[in-house]
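Remarks on the overall topology
Next come the chains, spelled out residue by residue.
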Amino acid sequence: MLTNSPTDTMYFAGRQIHIKRDDLLHADFSGNKARKFYHFLVNDFPDVSHVVGSGSAQANSLYSLSVLAKIKGWKLDYYVSHIADYLKQQQRLPSEIRSNYSEAIKNGANVIEIDWSSNLFNACQHLDDAIKVLKQDYLEKNNALETLFIPEGGRCEYAKTGIYELGKEIINWAVIQNINKLSIFLPSGTGTTALYLQEYFVKQAQKNTLDIEVLTCSTVGGDAYLISQFDELSLNTLHHPQILNDGKKYHFGKLYLSLFHLWQQVLDSSGIEFDLLYDPIGLNVLKHTIESGELKDREILYIHQGGLLGNATMLPRYQRKQALTIK
Ligand SMILES: Cc1ncc(COP(=O)(O)O)c(C=O)c1O
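Residues numbered from 1 in each chain as written. Predicted model: local features only at pLDDT ≥ 70, side-chain atom pairs only at ≥ 80, totals over all residues. Heavy atoms only, no water.

Per an unreviewed UniProt entry, the chain carries the name 1-aminocyclopropane-1-carboxylate deaminase/D-cysteine desulfhydrase and comes from Shewanella holmiensis. What UniProt records for the chain under Sequence similarities (unreviewed entry) is the sentence "Belongs to the ACC deaminase/D-cysteine desulfhydrase family." (UniProt positions renumbered as here; feature names shortened; annotations may be inferred.)

Structure, rendered in structure tokens:
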């Protein structure tokens, strides 16, 4: 099932909110990636034999890309800046722990650590710079049509196809529910999902009378960085979702015990497991916004964007930190 995820409700921050369960879309393309890679799943690419991706070795886009490559019969080269020791160790142990990294390797992904000492990358500071160099190199050696380059986190025009589909589902649902004023909230990494969703609603605005807004928060690099990410996808500020914050700047992948406690509370009270990288920040920002009295007269739809396989590595990290704090 790649479309039409169900919608649940849960009690949160003193009120009822709706949850779009994109985490239930597909076992292998959890949530966000089912939307972002929808275009590749439903279209044929007869010339492509090779896909090149990049990002973090813990990312669910690595795992989802590995499944996509396996289904399509493509070879996957996935470049990372660095593979954390605990991930490498997990690979060596006969471990029960499934992580995005371990499952991607099982699917045949070729996960390559950039060799920063190589002359090729002399002028590069970030993974993105190294990928530009590598792209040039691939294109010189291979037929351009054979290789598909997918930017970090699926941040590309192709993502629109599936995210517009998500937008369509939300409008259909809101009409059935008789909801006129809807605030949609989802935490952003690259901002791709939130931006294309907002763009879709702006484009649909003439066709219906619904008042729909997309709200988001930054989980990487702060609000200014997120705005710069939006600008790269669209300079039309009408297509930019509104960025909310709780007054704090978070560092991606860092452990925040207070956020973990909120995540745990939500799990206990609703039975819904959210991801541990993006959602604790998203839920806290939404809680802060609700408690400040905003959104009083609007229905709220939080999008659960999946990512649960990553919890296999995040949960033990949080549990260790919690145990150390209690001692
Ligand atoms: C679970 C989850 N939530 C949120 C996001 C952020 O999405 P985006 O990069 O489109 O902002 C991602 C990243 O792909 C994700 O995997």
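**Some remarks on the nonpolar core**
Counting 31 residues, the largest nonpolar core has M10, F12, I17, F274 and L286 as the members making the most contacts within it. Setting aside anything within four residues of it in sequence, one finds F274 in contact with M10, I19, W263, V266, D279, L283, Y302, H304, L308 and N311. (Core = buried A, V, L, I, M, F, W, Y, C linked by side-chain atoms within 4.5 Å. Buried < 20%, exposed > 50% of the residue type's maximum accessible area, 1.4 Å probe, protein only. Contact = heavy atoms within 4.5 Å.)

**Describing the sheet that holds strand β1 (residues 7–12)**
On the basis of which strands lie adjacent, the open sheet formed by six strands has the order β1-β2-β10-β7-β8-β9 and mixed pairing. Looking at the sheet topology across the chains shown, the edges are occupied by β1 and β9 (242–243). By the bridge criterion, two bridges tie strand β8 (residues 211–218) to β9 in an arrangement that is parallel. Looking at β9, one finds that L215 is bridged to Q242. Along the sheet, helix α8 (residues 192–204) makes contact with β7 (181–188), β8 and β10 (299–304), crossing β8 at roughly 165°. In this fold helix α11 (residues 279–291) packs onto β1, β2 (15–21), β7, β8 and β10, with an angle of close to 170° to the strand it touches most, β10. (Pairing = 2+ DSSP bridges. Helix = DSSP H or I, 4+ residues; strand = E, 2+ residues; numbered from the N terminus. Axes fitted to C-alpha atoms, helices over the stretch in contact; angles between N-to-C directions.)

**A closer look at the side chain of Q305**
Mapped onto the fold, Q305 is located in the loop between β10 and α12 (311–326). One polar contact links Q305 to N32, side chain to side chain, over a distance of 2.6 Å. Excluding its chain neighbours within four sequence positions, the residues that come into contact with Q305 are S30, G31, N32, L186, P187 and T193. (Polar contact = N/O pair within 3.5 Å; in protein donor to acceptor, adjacent residues only side chain to side chain.)

**Some words on the environment of N236**
The topology assignment puts N236 in the loop between α9 (222–233) and β9. A polar contact is formed between the side chain of N236 and the backbone nitrogen of L238, at a distance of 3.0 Å.

**Things to note about helix α3 (residues 60–72)**
Because each turn of an α-helix spans 3.6 residues, side chains separated by three or four positions end up pointing in the same direction. When the terminal C-alpha atoms of α3 are compared, their 18 Å separation across 13 residues agrees well with the 18 Å that a helix rising 1.5 Å per residue should span. With ten of 13 residues buried, α3 is to be regarded as a mostly interior element. Among all positions in α3, only N60, S61, L62, Y63, S64, L65, S66, V67, L68 and A69 are buried. Two residues or fewer after α3 comes G73, characterised by a positive phi angle close to 75°. (Expected span 1.5 Å × (residues − 1).)

**Quick notes on the packing of helix α10 (residues 257–270) against α11**
Orientation of α10 relative to α11, taken along the N-to-C sense of each, is 85°, at an axis distance of 9 Å. When the axis of α10 is compared with that of α11, the two are roughly perpendicular. Contacts from L259, L262, W263 and V266 in α10 reach P280, I281, L283, N284 and K287 in α11. (Parallel < 35°, antiparallel > 145°, perpendicular 65-115°, else oblique.)

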